[in-house]
Amino acid sequence: MKPDTITLWRPVGPAELALIRESGMRSFPPRLPDQPIFYPVLSEDYAIRIARDWNVPQSGAGFVTRFEVRRDFLEQYNAQEAGGRALREYWIPAEELETFNAAIVGPIEVVREFR
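Quick notes on the rules
- Residues numbered from 1 in each chain as written.
- Predicted model: local features only at pLDDT ≥ 70, side-chain atom pairs only at ≥ 80, totals over all residues.
- Heavy atoms only, no water.
- Buried < 20%, exposed > 50% of the residue type's maximum accessible area, 1.4 Å probe, protein only.
- Helix = DSSP H or I, 4+ residues; strand = E, 2+ residues; numbered from the N terminus.
- Pairing = 2+ DSSP bridges.
- Arc of directions from axis to C-beta.
- Contact = heavy atoms within 4.5 Å.
- Axes fitted to C-alpha atoms, helices over the stretch in contact; angles between N-to-C directions.
- Phe/Tyr/Trp six-rings, centres within 6.5 Å; stacked < 30°, edge-to-face > 60°.

Colleague: So what about the pairing of strand β3 (residues 62-70)? Which residues, and what values?
Modeller: In terms of burial, β3 is largely enclosed, as 7 of its 9 residues are buried. Note that strand β1 (residues 5-12) and β3 share 8 bridges and pair antiparallel. Its bridge partner being in β3, Val12 is matched across the sheet by Phe63. Pairing analysis gives 7 bridges linking β3 to strand β7 (residues 104-114), with the strands arranged antiparallel. Across the sheet, residue Gly62 finds its bridge partner in β7, namely Phe114.

Colleague: Kindly report on helix α1 (residues 14-22), identifying the contributing residues and their values.
Modeller: The set of residues buried in α1 consists of Glu16, Leu17 and Ile20. Buried residues of α1 fall within an arc of 100 degrees about the axis and therefore sit on the same side. Across from the buried face of α1, at angles greater than 90 degrees, the exposed residues are Ala15, Arg21 and Glu22. Next to the buried residues of α1 lie β1, β2 (37-38), β3 and β7. Once α1 ends, the next one or two residues include Gly24, with phi positive near 80 degrees.

Colleague: Which residues make up the sheet that holds β3, and what are the values?
Modeller: Sheet architecture is open: 3 strands sit in the order β1-β3-β7, paired in antiparallel fashion. The two strands at the open ends of the sheet, each matched to only one other strand, are β1 and β7. Pairwise comparison of adjacent strand axes, ignoring direction, gives a mean angle of 20 degrees for this sheet. Packing against the sheet, α1 makes contact with β1, β3 and β7, and its axis sits at approximately 130 degrees to β1.

Colleague: I'd love a proper account of the packing of aromatic side chains, names of residues and values included.
Modeller: Evaluation of the coordinates by the stated rule reveals 6 aromatic pairs. Pairing Phe73 with Phe100 gives two aromatic rings, centres 6.0 Å apart and planes at 70 degrees, and the pair type is edge-to-face. Of this pair, Phe73 sits in helix α3 (residues 71-74) while Phe100 is found in helix α4 (residues 97-102), placing the two residues 27 residues apart along the sequence. For the pair shown, Phe73 and Phe100 are each scored as buried. Linked through ring pairs, Phe28, Phe38, Phe67, Phe73, Tyr77 and Phe100 together constitute an aromatic cluster.

Right, here's the structure in full:
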């Protein structure tokens, strides 16, 4: 992690990963109409749980992505607890995702895969 960035993770299924790859591993795709928020998570363990326990049964595979986001951008959001202190995530409104993507520093990396 660079001092001016924060490392985040995002669990994704195969369809979302394909769209991330289409971006050159530089951005996350727009949310679907029934997805009002984009939620990157603050720990790899939490992302693993979602990818393994939710994405695999839902779509046959789950992937954990890791990426860096500018700290000054994230300061406008509060981390939310989604069921406990270890389960923290940012809630980025769908209409702000393009701005979020612009705050990503470097590539989005796939760090785990579950089938």
